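Observations on chain architecture
These are the residues of each chain, in order.
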Amino acid sequence: MMPEVIQLLKFRLRCSVWSVCALTALMLLINVVPGLAQDVSFKIYNDQNGLPSAEVYKVFEDHDGFIWFATDNGVVRFDGGEMKLFNLSNGLADPVVFSILEDSKNGLWFRTFSGATSVYRNEKMTPYPFNTRLKSIIKKGCDYSIVPDSTGVLHIGTCGIGTMSVTQQGDVEQVPGEPGVIYLRHIENNNYILSGLSLHARPIFFSHNGKKHRLDLTGEETIFFCHQFWKNRLYFSTGTRIFQYDGSVLKQVLLTKKKIISLSTDKEDNLWIGFLNGGATRFSDASLQRPLEMTSLQSHSVSSVLQDREGSLWFSTLDRGVFCLVNPYIRNFSLMKDLKIADVLPGHENTVVAFDNGTIICIDHKTRVKKWLIDVHEPVISGLFDSVQNCIWISTTRHTFLIDPSGKILRKIGYAFGARNFIGAKKIIRHGNKIWGINVHGVYVLDPNGNLLRAKEIDFRCRNIAVDQNRIYLAGITGLYQSDTSLSTLVKIGAFENDKVSGILPLGSEKFLVATIGNGFKIVEDKKVIAYGVSQQRLPFENIYSVSVDSAIWMATEKGLLRVDRERLVTQGFFTYDFLDKSTGLMSDKINFVARNGNETWCFINDGFSVFEDGKINFANKNPLPRLNKVTINNNPVSLSRLGDLTHLENNICFDFGFLSFTNRNIYIRHKSDQNEKQWNYTRDFLISYFSLSPGRHEIDIQYSTDRMHWESILMQHIYIRPPWWETVYFKLAVLVLIGLIFFSYFRSRYKGRLLELEAQNKLRLEKERIARDLHDNIGSKLVSLSLGLNDVVKKYDIPPRLADSIYNNVNTTVTELRDTIWAIQKEGITFSQFFDKLRNLVWRLRQNGETIRYELNIDVADESTILMPIQALNLYRIVQEAIANSQKHSGCDTLSISIFHGGPGKLFCCKVRDNGSGFIAEMDSKGEKHGLQNMHARAAEIMAALEVSSKIDAGTQVTISLSL
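Nothing here was measured: the structure is a model prediction, and the numbers come from that model. (Residues numbered from 1 in each chain as written. Predicted model: local features only at pLDDT ≥ 70, side-chain atom pairs only at ≥ 80, totals over all residues. Heavy atoms only, no water.)

Below, the discussion takes up the overall build of the protein. Regarding its fold elements, the protein presents nine helices and 72 strands. A separation of at least 24 residues holds for 51% of the contacts in the protein among residues at least 6 apart in sequence. Of the accessible surface of the protein, which amounts to about 45300 Å², a share of 51% is contributed by carbon and sulfur atoms. (Helix = DSSP H or I, 4+ residues; strand = E, 2+ residues; numbered from the N terminus. Contact = heavy atoms within 4.5 Å. Areas by Shrake-Rupley, 256 points an atom, 1.4 Å probe, with all protein chains shown as cover.)

Structure (C-alpha cells):
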C-alpha cells in the first residue's frame, strides 16, 4: 500500500460495544417507506467483543469454513462462537496483517506491514524461514502482494520495485521489467500477480504476455493496486479508477470520487467495491453500470467483503471492526414505540395491525406504506380480516367495530369478544357464512353484517376458538374442549388438561394443530393426540404465541420463527423445521405474531416487524460442522490413539469440541460412557469430561443436535484403562501360584511331620508292644510263678495265715496293676466303653473283697464311642484308684461313689470320687498322705486335667477330675 493510505489505515477509531443492532438504512438502493422506518440487522465484531482491534484489513474464509480477521494487532480465527488470536506470542511474524492467502496445500499465508510473513498449517502458526530477506527487500509502507506456488517458491509483486521470488533455499530472484509498466504475470492455476516499476512517472502502461496498453491516469497522484478476477475478466483499480481486462482488450469501466481500497466477489457472483470512508457498492453486471450501494456503511472504510458458505455477508472496516449481515433480504420496519400489538389481521392486499390502546393501522403489502390510521379509543382485544366480505372486525373491551378497507367505521356492535392478555389467541373467526366469536360469557354466532344469530353460555372462560366442518374446538384458560356446532355437549380432551392453548388451526384430513404456551404444540385427530411438547420431544422452544398455515406451518415462539414442513407433519406425523431469530436478521428472538402475505412472511414484535420473501433468506444452519479441538488426560493434551491403552492413573479424560456455525449456536450435546447405559447425559457445554473412570473397557458415544430431535454422532471412542498391577490377571495368577506354593509347602511340611509322627508312633507302638510282651512274658510270668511258689513256702515253713494273705494280696495286686498297665500300653486309643468296662471291673473286684463299704458307679455320657488317649485313660484310672485307696484307708466311710459325666464333643469330661467318711484337713495331713495327693495332681497335670480335692470334717471327701475332650 502507498504510504498515505498506510497512515490512514493505521489510524484507529475505537468502536462501540458489540451488539446485534439495526443500523438505520437500507442495504440496497430502495426507497424509504413513508411513516415506517426500515433497516437491516448486523452483527458487529470489534475490540469490545473479541477482536484485538477495530482496524480490520481483511476478512477471509478458509477451506474448512473458519472466518479469519486480519487486524493491526494480530489475526483471529472465528468459528461463530470462539475467537482464537494469533500474534507475536504464538508464531505470527508481524502483528499488522494486511491480507490472507490460501495455497494449494491449504496453508494460510499472511501478508504483513513489515514484509515478514507466517504460514498456518496443521493447527500451527510458523514464521516463514526467510523473513529477514523479505523484510530487507520490501520497504515498510510499500504496497505488495504475495503468491506461493506448489513448488514452495514465494512470488512477490510490488507497486514500485517490480516482481521477485524467493526460492526454497532462500535465494531472491528479480524478474526483469521496465519502469512505468504494470505487469500481469500468471503464476499457476488461477493465481496471478500484479507488480510495477517506478510507477510515479507518466505515462503508465499495462503489460500482459508482452503486449502493452496505455493507461489514462489523469489526476492520479499515486497508484494503489486492488485486483479481482470476476466473470472471466481481470478488474484492477489504480486509486479512483477501475480497469477491465479480458485477455486482449483493456478499458476503464469506472471512475469514482472516492478512493478504492478493496475489490471482492461473493458467492452470488457479484463484485463489491470498498471505498475509503465511502462504504461499499455492489455490481452484478460486468460493465459496472448498475450499482447498488450499501448505504448503511457509507461512512466507513470497507477493506474487504466476504460471503461465507452459509450465505452471510461480512464487511471488514478500518474503523468499526467487522459487520456481519446474515440475511440481506430481511427488511425490518419500526412501528409505534411503547405500544403493544393486540392482533395482526392479514388480508389479500393489506395487513391491519391493532394496538391495545385502540390505534389501528393498515399497511400495504407491496409498498409497505401506511395506508391509513384510525383510533377507536377503546383497548383492542382481537380482530378479523374478513376477506370474503372485504371487511375488518375489531373487538374491544366494550364493542365490536366493523371497518371497511379504507378505514371507515361501518358499524359498532355491543358485543365484545375475547379476553385480555392472551397474545395470539383468536376470538373472532369466520366459518362458512357465519362469524363466530367468544367472550367471558360464552360463544356467539353472527351473520357477516354483525347481526346476532344465536348465543350459547358456557361454564368456563374461553380464550380461543376454531371451527371445522361440524366440529368446534374451544380452549379455556387451560384445557381444550370439543363439540358439534350446536354446542349441545362439550367433551374435554384430557391431553390438554394443563395446557394453555394459544392457537387452533385446521391442517386438513380432520387434523388440528394446537399451539400452547409452555409445552410446544400437539396434533389432534378425532381426539387422538400426537404430542410434540417440550417434555415429550425435548423441543428447544416452549411458547408458541401465533401460528400461520399455508404450504408450511409458521410458528412465532419465544426463541424465534419456526417453519415446519406441513405435508410431512400431516401425512407422516413427523416434522423438521427451519429457524430464524435475531442472530439471523429478525428484529428480536421473541416473535409475538406471524402472518403470511402471498410469498412473504411478516413477523411482528411490539414495536416493529420483519418481512422476507420465500427463497431469499438463509435459515439458521442446521448442520454445524463439529470438530474435536483437543483431548486431555489428567489435563495433559494427547491424541485419540492414546485412549486405547491407559494406565489406571490416567482416568480423567476430557473432550473439547468446537462447532463451525455462524447462524446457529443453539447446539445441544448428549453423551454416555457405555453402550449398556440407557440414560443420555444432556448438556450445552462443549467440554465433555469423565472423571475417575474405572479400569476396564469403555465405549464413549457423543452426539449433537440443533433441535434436540435429530441427533448426529460426533465421536464413538473406545477407551481401555489398564487395571493397577495388583488387579491384573498376571498378578492375581502370581498371587494364586504363591498361595498355592505356600499351601503346598505348608501341607508338605505337615505331611512330612505327619509321616515322622506316624513313624514315631509306629516305633512307639512297637516299643510299647515290646515292653508289654516283656512285662507279660518276663515280669508277669515271674509274678505268677511267685504267687504259685508262695503256696509251697507257706506250707513248708508254716507262715502265719495273716502274713500269707498279705503276701498273696500284694502279689495279686501287682499282677493286676501290671495287666492294667499292659492294657493301656497296647491300645492306640481307648473308648469310653472300654474305659468304663475297666472301671466296672475295678468296682466288681472291690465288691468281691467282702468289705463293708458300698460301691456305686454312675455313668452319664452322650457318646460311649468317644476315644481317650492311652495316657489319659491310664492316668484317669490311676487317679480313681488312688482316690478309692485313700478313702479305704483313712476315711472310715461306708459308701463310696464314682460318677462320670460327659455332654458331648467340646464339653468337659468330669469324674468324681466321693465318700461319706470323716474327712480331713489338708494342712494337718501326714507326709504320706500329702505324697498321695501330689501324685494325683502330677497325673492330672500330665494329661492337662484339672484336679480338685474338697473335704470337710465329718462330711466326707470328694475328688473331681475335669478334662477337656
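Right, picking up where we left off after that structure.
A few words on the packing of aromatic side chains. Going through the model one piece at a time under the given rule, you end up with 44 aromatic pairs. Plain terms: the ring middles of Phe460 and Tyr481 are 4.2 Å apart, the flat faces sit at 15° to each other, and that makes the pair stacked. On the criterion of sequence distance, the pair formed by Phe460 in the loop between strand S42 (452-457) and strand S43 (464-468) and Tyr481 in strand S45 (residues 480-484) is long-range, its members being 21 residues apart. The class of Phe460 is buried, set by a relative accessible area of 14%. The exposure class of Tyr481 is buried, given its relative accessible area of 14%. Taken together, the ring pairs connect Tyr45, Phe69, Phe78, Trp314 and Phe662 into an aromatic cluster. The ring of Phe66 carries Arg77 above its face, with NZ or CZ at 4.3 Å from the centroid. When the ring centre of Tyr720 is taken as origin, the NZ or CZ atom of Arg697, which lies over that ring, is 4.5 Å away. (Phe/Tyr/Trp six-rings, centres within 6.5 Å; stacked < 30°, edge-to-face > 60°. Buried < 20%, exposed > 50% of the residue type's maximum accessible area, 1.4 Å probe, protein only. Lys NZ or Arg CZ within 6 Å of the ring centre and 35° of its normal.)

Right, let's get into the UniProt feature "transmembrane region" (unreviewed entry) in the protein. Those places that UniProt annotates as "transmembrane region" (unreviewed entry) correspond, in this numbering, to residues 729-747. In the segment residues 729-747, helix accounts for 100% and strand for 0%; the C-alpha atoms at its two ends are 26 Å apart. (UniProt positions renumbered as here; feature names shortened; annotations may be inferred.)

Topologically, Arg77 is positioned in strand S5 (residues 74-78). Here the side chain of Arg77 touches Tyr120 through a polar contact of 3.1 Å, side chain to side chain. If we skip the residues at most four places from it in the chain, Arg77 touches Phe66, Ile67, Trp68, Glu82, Met83, Lys84, Phe86, Tyr120, Glu123 and Arg627. (Polar contact = N/O pair within 3.5 Å; in protein donor to acceptor, adjacent residues only side chain to side chain.)

This next bit is on the pattern of salt bridges. All told, the structure shown has 22 salt bridges when counted by the stated rule. Residue Arg331 pairs with Glu613 through a salt bridge whose shortest N-O separation is 3.9 Å. In this pair, Arg331 is assigned in strand S30 (residues 331-334) and Glu613 in strand S57 (residues 608-613), connecting sequence segments 282 residues apart. For Arg331, a relative accessible area of 22% puts it in the partly exposed group. (Salt bridge = Lys/Arg side-chain N within 4 Å of Asp/Glu carboxyl O.)

Before going further, it helps to examine unusual backbone geometry. The backbone of Asn122 sits at a positive phi, close to 55°, despite the residue not being glycine. Structurally, the position occupied by Asn122 is in the loop between strand S9 (118-121) and strand S10 (124-127). Residue Asn277 is not a glycine yet carries a positive backbone phi of 55°. Mapped onto the fold, Asn277 is located in the loop between strand S24 (271-275) and strand S25 (280-283). Judged by its relative accessible area of 43%, Asn277 falls in the partly exposed class.

Among the nonpolar cores identified, the biggest contains 35 residues, and Phe835, Leu876, Ile884, Ile900, Phe909 and Ile961 are the most heavily contacted of them. Of all the secondary-structure elements, those providing two or more residues to this core are helix H7 (832-848), strand S67 (854-861), helix H8 (870-891), strand S69 (895-902), strand S70 (908-915), helix H9 (927-942) and strand S72 (956-964). Filtering out sequence-adjacent residues up to four positions away, Ile884 remains in contact with Leu842, Leu846, Tyr855, Leu896, Ile898 and Val913. In this structure, Met125, Val322, Val326 and Phe662 belong to the second largest nonpolar core, which totals 28 residues. (Core = buried A, V, L, I, M, F, W, Y, C linked by side-chain atoms within 4.5 Å.)

Backbone-to-backbone hydrogen bonds pair the strands of a sheet. The strands run either parallel or antiparallel. Strand order in the open sheet made by the four strands is S23-S24-S25-S26, with antiparallel pairing throughout. Either end of the sheet is taken by a strand with one partner, and the two such strands are strand S23 (260-265) and strand S26 (292-294). The mean inter-strand angle of the sheet, taken between neighbouring strand axes irrespective of direction, is 25°. Relative to S25, S24 runs antiparallel, the two sharing four bridges. In the strand pairing of S25, Gly274 is matched with Ala280. (Pairing = 2+ DSSP bridges. Axes fitted to C-alpha atoms, helices over the stretch in contact; angles between N-to-C directions.)

Right, let's get into the pairing of strand S63 (residues 687-690). What you see with S63 is a clean split: Ile688 and Tyr690 sit on the buried side and Leu687 and Ser689 on the side with no burial. For strand S60 (residues 653-660) and S63, the ladder comprises four bridges, and the chain directions are antiparallel. In the strand pairing of S63, Cys654 is matched with Ser689.

We now examine the sheet that holds S43. Spatial ordering of the open sheet is given by S43-S44-S45-S46, a layout of four strands whose pairing is antiparallel. Two strands close off the open sheet at either side, each with one partner strand: S43 and strand S46 (491-492).

This part is about the environment of Val175. Along the polypeptide, Val175 turns up in strand S14 (residues 172-175). Along the primary structure Val175 and Ile161 are separated by 14 residues, whereas in three dimensions their C-alpha atoms are 10.0 Å apart. Sequence-distant contacts of Val175, defined by excluding residues within four places in its chain, comprise Thr163, Met164 and Arg185.

It is worth spelling out the packing of H7 against H8 at this point. Relative orientation and spacing of two packed helices are given, respectively, by the angle between their axes and the distance between those axes. For the pair H7 and H8, the least separation of the axes is 11 Å and the interaxial angle reads 20°. Viewed along their axes, H7 and H8 adopt a mutual orientation that is roughly parallel. When the axes of H7 and H8 are compared, the crossing they make is right-handed. Across the interface between the two elements, Phe835, Lys838, Leu839, Leu842, Arg845 and Leu846 of H7 pack against Ala873, Leu876, Tyr877, Val880, Gln881, Ile884 and Gln888 of H8. Along the lines of polarity and charge, the residues of the contact of H7 with H8 split into nine nonpolar, two polar and two charged. (Parallel < 35°, antiparallel > 145°, perpendicular 65-115°, else oblique. Left-handed = near helix turned anticlockwise from the far one by under 90°. Nonpolar A, V, L, I, M, F, W, Y, C, P; charged D, E, K, R; others polar.)

Our next topic: the side chain of Ser53. Within the secondary structure, Ser53 sits in the loop between strand S2 (38-45) and strand S3 (56-61). Judged by relative accessible area, which is 0%, Ser53 ranks as buried. Here the side chain of Ser53 touches Asp72 through a polar contact of 2.6 Å, side chain to side chain.

Right, let's get into a nonpolar patch on the surface. Together, Ile739, Phe743, Tyr746 and Phe747 line one region of the surface with nonpolar side chains, adding up to about 400 Å² of accessible area. Here Ile739 falls in the partly exposed class, since its relative accessible area comes to 37%. (Patch = residues over 30% accessible without salt bridge, like charges linked within 9 Å, V, L, I, M, F, W, Y side chains within 5 Å.)

Moving on, we come to H8. Compared with the 32 Å implied by 1.5 Å per residue over 22 residues, the 31 Å span of H8 between its first and last C-alpha is a close match. Following H8 by one or two positions, Gly892 has its phi on the positive side, about 65°. (Expected span 1.5 Å × (residues − 1).)

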